[in-house]
Structures are given as structure tokens and as C-alpha cells.
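Residue-level listing of the chains:
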Amino acid sequence: LADLTVSESEGSPSILHFTTDPHHPFPISLAVPAPKTEDYGPNESELLEFRKKKHAQFLLPMDRPFLRTAQALSLCIEKSVGTQRLKNVHVGLPPSGVKGGQVHCVQGSYEYCHYMQDKFDDDGWGCMYRSYQTVISWFRCQHYTSKPIPSHSEIQKMLVSMGDKPDRFVGSKQWIGAMEASILMDQYLDVTSKIINVPSGHDLEDKGRELAQHFDTQGTPINIGGGVLAFTILGVHYNNESGQIKFLVLDPHYTGGEDLPTIQNQSKKNACSGIPSVGWHDVTVFRKDSFYNLCLPQRPKAI
């Protein structure tokens with residue numbers, strides 16, 4: 001198949017191999033044209049028409065990527081650079097305790113971004129930065145982008161360049177919230193977000209159906225900020241009949257190393273937030289006397 005498609009490629013094509021589970025049990029090999037390279041990797045937009053043709057040829061869905069160059073199987077061992085973040089740290093947690101109902105959870109993989117990673121001290125102020133980075137990692141893991149996870153400084157510079165913050169914001173330890181996360185998502189990835197506002201954290205108990213629908217249809221992690229804390233919501237266990245709900249919360253306030261047993265230890269509470277690094281919680285995890293903003297990124301319909 002790769003030989004047959006070489007003639008369709010211009011320049012010097014690369015023979016790349018892709019897995020497309022669950023749609024095809026075996027890898028697909030393609031002669032992929034060489035796109036121009038940008039600072040963060042190949043310009044995937046140049047190959048859009050090529051991918052459309054191949055998606056149709058192999059009967060792949062037309063609303064999510066399977067054949068981007070970043071998704072090709074690697075046949076060599078690459079040396080890792082920087083912090084090796086853990087993925088999908090919620091997998092293996094004990095049940096939520098909700099009787100009946102259904103679990104609605106993040107779709108695909110993400111990386112757990114938290115305080116003190118990359119040898120950068122943001123303890124006490126960087127929780128939404130880390131929550132935002134976790135969401136960016138989701139878009140990277142699903143291959144919607146090859147752009148790197150931006151640093152705190154890069155996030156601050158983006159907000160200044162958009163006119164949202166003054167010049168002195170760069171290099172500061174000032175917080176950001178879910179509203180900033182939404183405009184950053186748009187600026188950095190061209191991803192739109194739905195915003196939910198509640199006057200009290202306990203009002204989130206009434207948002208079960210809306211949040212469940214988000215995870216079922218979009219599947220992206222949710223940035224949430226209120227009071228002086230920010231978290232990432234990875235899912236909800238919602239009983240539509242009784243109204244009972246619990247939230248799967250990823251806490252960016254963890255300051256330790258990349259150790260999964262420690263992160264999943266429900267008796268180990270983070271000093272800043274008072275909750276475990278990842279776990280199920282009822283609505284009291286959110287403050288009754290604080291308003292909350294939620295940023296729900298919308299999954300791009302793109303290949």
C-alpha cells in the first residue's frame with residue numbers, strides 16, 4: 001500500500017505507519033508528503049487534503065485525527081527531555097460511592113501537570129496555570145496539536161500580547177482563572193470553550209446533566225476556578241434519577257514527585273487544597289461562599 005501511494009506524494013515522502021484502533025486491527029502504512037516544519041513540528045494543515053482522502057479510503061471518522069504525522073509509530077527509542085509526567089492518574093481509583101447512575105469521564109489521555117514540575121516553583125500561585133497545562137496535554141495526546149505545553153512565562157506573555165494583562169504581569173506570581181484559560185485556549189490552539197458560571201460552589205450539584213453531556217460529547221478535561229483555588233474536573237458520576245453526583249477532581253496543588261501510589265493515596269492530602277491529588281468528591285469540595293467559573297473546551301471537528 002505504501003508503494004502504491006508514493007506516486008501521489010510530492011517531493012520526498014516518508015513511509016509512516018499508523019495504528020487506528022478500533023477501526024482497523026492492523027497498522028496502516030502510507031507514503032506521506034513532507035510538510036514544512038515550524039518551530040513546534042510539521043505543519044499539519046498542509047496535509048489536510050491528503051488526510052481527508054485517506055480517511056475516506058480507510059473509512060475512518062472525519063471528526064478526529066488518526067493520520068497526522070505526530071501519530072506515526074516511532075521505530076526508535078527517543079531520549080526524554082524534562083519532567084516525565086504521569087498519564088491518566090485517575091485510572092485504578094476506587095469507585096465513587098454513588099449508587100446507580102453512570103460515570104461520564106474524560107476521553108483519551110492527558111498528562112498530570114502540578115506544582116513544582118520542571119524545577120519551577122509555583123507553589124501557592126500556579127494552580128490554574130497547571131490545570132491549563134493539563135488540558136493542553138490532552139490536545140497533544142489526542143494529536144490535535146504538536147505545539148508544546150507552554151511555560152508559565154509563555155502563558156503570561158500570551159495574556160499580555162492579547163491585552164488582557166499589563167506588561168508587569170510577565171514574571172509575576174499573579175494568579176489566573178478559568179476565564180483566562182478559555183482565552184488562552186482560543187489564542188494558543190484556536191479552540192473554543194463553553195463557560196459555566198455559578199454563584200456558589202454548591203450550585204454545581206445542579207450541573208450534573210450538563211457536565212455529563214460534556215464528557216459524553218466533548219470528552220475534554222474541565223478547568224475550574226473559584227475562591228483562591230483551581231482544579232481540573234476529569235469526570236462525574238451522576239445518577240439522573242436521584243440527582244446524586246460526585247466529581248472526579250485532579251488537584252494541581254500536589255508538590256511531590258511522579259509517583260503514582262502517592263498521587264492516588266486517598267489519605268494523603270495536599271497542603272494547599274486539603275484534598276488528595278486525584279479522587280472522587282461530593283459538592284462540598286467546592287466552597288459554598290465562592291463563585292466558580294468553569295472552562296469546558298470544545299473538541300475540534302478536525303482530522
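To keep things clear, this report deals only with the structure shown in the data block.

Rules of the game
Residues numbered from 1 in each chain as written. Predicted model: local features only at pLDDT ≥ 70, side-chain atom pairs only at ≥ 80, totals over all residues. Heavy atoms only, no water. Core = buried A, V, L, I, M, F, W, Y, C linked by side-chain atoms within 4.5 Å. Buried < 20%, exposed > 50% of the residue type's maximum accessible area, 1.4 Å probe, protein only. Helix = DSSP H or I, 4+ residues; strand = E, 2+ residues; numbered from the N terminus. Contact = heavy atoms within 4.5 Å. Axes fitted to C-alpha atoms, helices over the stretch in contact; angles between N-to-C directions. Parallel < 35°, antiparallel > 145°, perpendicular 65-115°, else oblique. Nonpolar A, V, L, I, M, F, W, Y, C, P; charged D, E, K, R; others polar. Salt bridge = Lys/Arg side-chain N within 4 Å of Asp/Glu carboxyl O.

This part is about the nonpolar core. Grouped together as the largest cluster of nonpolar side chains are 40 residues, with contacts concentrated most on Y132, F139, I155, I176, M185 and V278. For this core, the elements supplying multiple residues, two or more each, are helix 3 (127–141), helix 4 (152–161), helix 5 (178–189), strand 8 (229–238), strand 9 (245–250) and strand 10 (278–281). The greatest single-element share of this core, amounting to eight residues, is contributed by helix 3. In contact with M185, not counting residues within four places along its chain, are Y132, V135, I136, F139, D190, V191, S193, N223, C295 and P297. Listed in part, the 23 residues of the second largest apolar core include V236, F247, Y292 and L294.

Tracing the backbone through its elements, the reader meets H104 in strand 5 (residues 102–105). H104 sits in the buried class, given a relative accessible area of 7%. For H104, the residues in contact, after removing those within four places along its chain, are A212, F215, D216, G235, V236 and Y238.

Quick look at unusual backbone geometry now. Its identity is not glycine, yet M116 carries a phi of approximately 75°, on the positive side. When you line up the elements, M116 lands in the loop between strand 5 and helix 3. Note on M116: relative accessible area 33%, which makes it partly exposed. Of note, the phi angle at D190 is positive, near 60°, even though the residue is not glycine. Among the structural elements, D190 can be located in the loop between helix 5 and strand 6 (193–198).

Direction vectors running N to C along helix 4 and helix 5 enclose 90°, while the axes themselves pass 10 Å from each other. Comparing the axis directions of helix 4 and helix 5 gives the class roughly perpendicular. Here I155, M158 and L159 of helix 4 lie close against helix 5, whose contacting residues are E180, I183, L184, Q187 and Y188. Looking at side-chain class alone, the contact of helix 4 with helix 5 contains six nonpolar, one polar and one charged residues.

Summed over all chains, the structure comprises nine salt bridges. Between E210 and K194 there is a salt bridge, and its shortest N-O distance comes to 2.8 Å. Pair noted here: E210 is in helix 6 (residues 208–217) and K194 is in strand 6, with a separation of 16 residues, a long-range link. Taken together, the shared-partner salt bridges in this structure form one network comprising R85, E111 and D118.

Let us now look at the side chain of R51. Within the fold, R51 resides in helix 2 (residues 48–57). The exposure class assigned to R51 is buried, which follows from its relative accessible area of 2%. Filtering out sequence-adjacent residues up to four positions away, R51 remains in contact with E44, L67, R68 and I303.

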